[in-house]
Every structure is written in structure tokens, then in C-alpha cells.
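Report on the structure
One-letter residues, chain by chain:
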Amino acid sequence: MARASVAPARGDVAARRRSARRAARGRVGASRRVARDATRDATYASGLATLESCVEAEQFDRAMMEELFDVADAMERVRPGAPESTMLQGYLMSTLFYEPSTRTRLSFEAAMGRLGGGIVSTESAGEYSSAAKGETLEDTMRTVEGYADIVVLRHFTAGSARRAANAIGKPLINAGDGPGQHPTQALLDVYTIRKEIGRLDDFKIALVGDLANGRTVRSLASALTQFNNVKFYFVAPDVVKMKDDIKDLLTSKGIEWEEATDLAAVAADVDVLYQTRIQKERFANPEDYAKASGKYIVDRTIMDALPKSSVVMHPLPRVDEIVVDVDDDPRAGYFRQAQNGLFIRMALLKVLLRV
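Read on for an overview of the structure. Keep in mind that what you see is a predicted model, and the values were worked out from it rather than measured.

**Quick word on the packing of helix H7 (residues 183-197) against helix H13 (residues 334-352)**
Viewed as axis vectors pointing N to C, H7 and H13 meet at an angle of 120°, and their least axial separation amounts to 9 Å. With respect to the hand of their crossing, H7 and H13 are arranged in right-handed fashion. Taking contact as the criterion, the partners of Thr184, Gln185, Leu187, Leu188, Asp189, Tyr191, Thr192, Lys195 and Glu196 in H7 are, on H13, Arg336, Gln337, Asn340, Gly341, Ile344, Arg345 and Leu348. Per-class residue counts for the contact of H7 with H13 are five nonpolar, six polar and five charged.

**A closer look at the pairing of strand E1 (residues 92-97)**
When you tally the buried positions in E1, you get five out of six residues, the bulk of the element. Here E1 pairs with strand E2 (residues 118-122) via five bridges, running parallel. Its bridge partner lying in E2, Leu96 is registered against Thr122. Each parallel crossover has a hand, and for E1 linked through helix H3 (residues 103-114) to E2 it is right-handed. Of the strand pairs in this sheet, E1 and strand E3 (residues 150-155) are connected by five bridges, and their pairing is parallel. Looking across to E3, one finds that Met93 is bridged to Ile150.

**Concerning the packing of aromatic side chains**
Tallying each qualifying case throughout the model produces five aromatic pairs. Their ring planes at 75° and their centres at 6.3 Å tell us that Tyr98 and Phe156 sit as a pair that is edge-to-face. Placement of the pair is Tyr98 in the loop between E1 and H3 and Phe156 in the loop between E3 and helix H6 (160-167), with a sequence separation of 58 residues. For Tyr98, a relative accessible area of 12% corresponds to the buried category. With a centroid separation of 6.1 Å and 35° between ring planes, the pair formed by Phe232 and Phe234 is classed as tilted. Here the two residues Phe232 and Phe234 agree in accessibility, since each one is buried. Each member of the aromatic cluster is reached from another via a ring pair, and the members are Phe232, Phe234 and Trp257.

**A short note on the sheet that holds strand E6 (residues 230-235)**
Strand order in the open sheet made by the five strands is E7-E6-E5-E8-E9, with parallel pairing throughout. Strands with a single pairing partner mark the edges of an open sheet, and in this sheet they are strand E7 (257-260) and strand E9 (311-313). Here the strands of the sheet are splayed against their neighbours by 20° on average, with no regard to which way each runs. As paired elements, strand E5 (residues 203-208) and E6 share six bridges and run parallel to each other. In the sheet register, Leu207 faces E6, and the bridge partner there is Phe234. Across the sheet, H7 touches E5, strand E8 (272-275) and E9, and the angle it forms with E9 is around 165°.

**Some details on helix H2 (residues 62-76)**
Taking 1.5 Å per residue as the helical rise, H2 with its 15 residues ought to reach 21 Å, and the 21 Å between its terminal C-alpha atoms agrees with that figure. Turning to H2, its buried residues are Met64, Met65, Glu67, Leu68, Phe69, Val71, Ala72, Ala74 and Met75. Next to the buried residues of H2 lie H7, helix H8 (215-224) and H13. By the N-cap criterion, in which a side-chain oxygen at the helix start approaches the backbone nitrogen of a residue two or three places on, H2 is capped by Asp61, the distance to Ala63 being 3.2 Å.

**Brief notes about unusual backbone geometry**
At the junction of Leu316 and Pro317, the peptide bond is cis and its omega measures out at 5° in the coordinates. Along the chain, Pro317 turns up in the loop between E9 and H13. One non-glycine residue, Leu316, lies in positive phi territory at about 60°. Here Leu316 lies in the loop between E9 and H13. Backbone geometry at Arg354 places phi at a positive 60°, although glycine is not the residue there. On the secondary structure map, Arg354 appears in the segment after H13.

**Regarding the environment of Val355**
On the secondary structure map, Val355 appears in the segment after H13. With 268 residues separating them in the primary sequence, Val355 and Met87 have C-alpha atoms 6.9 Å apart.

**Regarding the pattern of salt bridges**
A side chain with one charge may pair with a side chain of the opposite charge, provided their charged atoms come close. With the rule as written, the count across this model stands at 21 salt bridges. Measuring nitrogen to oxygen at the nearest pair gives 3.0 Å for the salt bridge that ties Arg62 to Glu66. Of this pair, Arg62 and Glu66 both sit in helix H2, four residues apart, which is roughly one turn of the helix. Owing to a relative accessible area of 23%, Arg62 belongs among the partly exposed residues under this scheme. Arg199 is paired through a salt bridge with Asp271; the nearest N and O atoms lie 3.2 Å apart. Here Arg199 is found in the loop between H7 and E5, whereas its partner Asp271 is found in the loop between helix H10 (263-267) and E8, with 72 residues between them in sequence. On the accessibility criterion, Asp271 (17% relative accessible area) is buried. Here the salt bridges share partners, and the residues they tie into one network are Arg62, Glu66 and Asp201.

**Observations concerning the side chain of Ser53**
Among the structural elements, Ser53 can be located in the loop between helix H1 (10-32) and H2. Polar contacts involving the side chain of Ser53 include one to the main-chain amide nitrogen of Leu172, which spans 2.9 Å. Residues in contact with Ser53, not counting those within four places in the same chain, are Gln59, Ala165, Lys170, Pro171, Leu172 and Leu352.

Rules used throughout
- Residues numbered from 1 in each chain as written.
- Predicted model: local features only at pLDDT ≥ 70, side-chain atom pairs only at ≥ 80, totals over all residues.
- Heavy atoms only, no water.
- Axes fitted to C-alpha atoms, helices over the stretch in contact; angles between N-to-C directions.
- Helix = DSSP H or I, 4+ residues; strand = E, 2+ residues; numbered from the N terminus.
- Left-handed = near helix turned anticlockwise from the far one by under 90°.
- Contact = heavy atoms within 4.5 Å.
- Nonpolar A, V, L, I, M, F, W, Y, C, P; charged D, E, K, R; others polar.
- Buried < 20%, exposed > 50% of the residue type's maximum accessible area, 1.4 Å probe, protein only.
- Pairing = 2+ DSSP bridges.
- Right-handed = clockwise from strand over helix to strand, strands pointing away.
- Phe/Tyr/Trp six-rings, centres within 6.5 Å; stacked < 30°, edge-to-face > 60°.
- Expected span 1.5 Å × (residues − 1).
- Polar contact = N/O pair within 3.5 Å; in protein donor to acceptor, adjacent residues only side chain to side chain.
- Salt bridge = Lys/Arg side-chain N within 4 Å of Asp/Glu carboxyl O.

So, in C-alpha cells, the structure goes:
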């Protein structure tokens with residue numbers, strides 16, 4: 001009697017494809033590696049060795065972050081023409097962006113270029129890709145993985161990065177999924193805090209602005225639960241307060257947090273002031289946007305209250321929530337923060353491609 005065939009589950013297929021491609025990448029990587037510099041050592045002591053994609057900030061424990069930051073430090077030292085600047089030669093990265101981006105897309109493309117790799121890119125995938133014809137995200141991803149060794153995806157729907165990663169067998173990096181997650185921003189933010197204040201334990205941080213819609217602050221809050229004695233202040237207009245899931249997460253881990261309304265008073269007590277833009281594009285009701293816009297602004301008064309050893313951060317772009325008059329203050333760290341994104345993304349490409 002003929003035996004009926006059973007189609008394997010989609011998740012099983014994707015898992016087998018990932019396993020096969022990891023093995024292939026390992027063979028290619030082994031043939032390319034040379035003992036030239038520590039930055040080319042593909043052996044990682046922590047969970048970085050098993051990292052297949054970068055989808056959520058929660059994937060990274062403290063050991064993984066600290067090791068990744070050491071790789072990022074090495075990436076900062078890579079110079080054009082040096083042997084390390086060709087470590088990704090022959091690899092291709094696809095950047096697939098369904099939402100606008102400047103820093104994230106350009107820093108990923110710069111990261112790949114600085115390490116000698118190639119780039120295939122679309123900036124407005126929702127309008128100019130086959131998505132405009134009704135193609136599903138999963139089908140798009142399966143097509144794109146045939147052209148590239150690693151995919152960087154920005155999408156307007158929360159959870160889309162996980163769907164995409166499950167559909168393909170090659171590494172995927174979440175470059176922001178709507179109001180959901182932005183893990184590489186969280187990693188570069190934690191890295192910036194370490195560089196700016198010199199520690200990742202025993203500090204106070206204020207998250208200010210659009211905390212309901214801000215994927216950057218949500219991802220950062222989650223990432224900082226890996227460290228000790230971090231206190232959070234949430235400063236936001238009523239219509240965009242931090243959502244309960246993040247508050248509940250902090251409470252469950254015994255992490256101290258409080259909501260506040262006096263930005264100057266909070267500024268006087270923190271080591272990190274993390275300002276965010278009120279995201280007009282996330283508001284269905286213009287009246288709600290008007291209630292939130294312009295309420296909390298970092299100006300000279302706030303900087304006068306801020307301790308001299310503190311830092312002001314912002315994921316950018318800004319509108320009017322940090323006045324340009326404070327840009328020359330040494331505590332204004334947001335452009336250094338943006339540059340740190342290059343080094344973190346170089347490090348992630350190196351780690352995920354097993355070079």
C-alpha cells in the first residue's frame with residue numbers, strides 16, 4: 001500500500017535550512033580565516049557563539065552584551081586598507097526597509113562596507129518591492145535570502161521580525177518592527193552608556209518623551225534588566241506613558257522605577273537622561289499628539305540641573321525636544337551615540353556571519 005506523504009511543518013523546514021546553512025557558513029569561514037588579529041577570532045566565550053539572528057533585546061544576557069561590546073571596541077579600530085577591513089569580502093547583506101530610516105540603514109550599510117562586504121538595498125520596500133503587489137513578508141524573505149548572506153529588516157508591524165526570521169535559514173537582524181522592538185538600538189545604547197559613564201551597574205536613568213510608542217526605550221529598558229542596581233525614572237505626557245508590560249517586567253525583577261512629571265528635578269538625580277521624540281506618525285488622533293508635543297524639552301535649564309558627570313542621549317531624529325543650543329555641551333552624547341551604532345553593527349555582522 002502506498003504510503004501517504006506528510007508535508008513537514010514550516011518551522012521544521014526553516015530549522016533544517018538554518019542548520020545546513022550554518023554548516024556551510026562554518027566551512028566557508030574556516031577556509032577564509034587567518035591568524036592575523038584578535039578581531040578575526042570567531043571563537044566566542046558566551047552565547048554569542050550560538051546567536052543565529054538578532055530579533056529581540058531579550059536574546060542578549062549580560063555576558064553576551066559585554067562580549068559584543070569588546071568586539072565593537074575592536075571594530076572601532078578597523079582602518080581602511082588594514083587586513084581586518086576585508087573580513088566580509090565576498091559576503092552580501094540585504095537591507096530591506098519598509099519604514100523610513102537614516103541612521104539605522106546607513107550605519108548598517110557603512111558597517112558592511114567598512115568590513116569589505118557588498119550591499120543590496122531597498123529603502124522603501126512597501127512601495128517599491130513586490131509587497132506593493134500583495135506579496136507576503138514570508139515570500140519576500142524567502143526570495144531575498146537567495147540573494148544575500150544576511151538580511152536587515154525594518155518593518156511597520158510589531159512581531160514582523162520574528163515572522164521573517166522563522167521563514168528563512170540565514171541570519172536576520174531586526175532594524176525595528178513598528179512599535180515593537182529595536183534590539184540593535186538597545187545594544188548601541190547600552191554600549192554608549194558604558195562608554196559615557198564608565199559602568200553598567202549602579203546608575204540612574206530617566207526615559208523621557210514618547211514611552212508608549214518608543215521601541216527604543218522599551219528595548220533599552222529590557223536590556224538594562226541584565227545589570228545591577230539600575231533605577232528608572234519614566235517622564236512622559238499622560239497620553240504616551242510607559243506601558244504596563246515594561247513596568248511589570250521591572251517589578252518582577254526587583255528593579256526600582258517611578259513615574260515623574262518634573263524633568264528638572266529628575267535631571268538633577270540621574271546619570272543618564274534619555275530623551276525621545278514624540279512620534280507623530282504613531283498618533284491616530286491629532287489632539288492626542290498636541291497634548292504630548294512640546295511638554296518635555298531639554299534646554300539650558302535642564303542642563304544646568306544635570307550633574308557634570310552625566311550624559312544626555314537621544315536615538316534621533318529629534319524635532320524640538322532637545323534645543324540645538326545644548327549640542328556643544330560635553331554631556332550631549334547623542335551624536336557619539338549614533339556613531340557607536342556603526343561599531344555595534346559591524347560587530348553583529350561579524351558575529352552572525354561567523355567570520
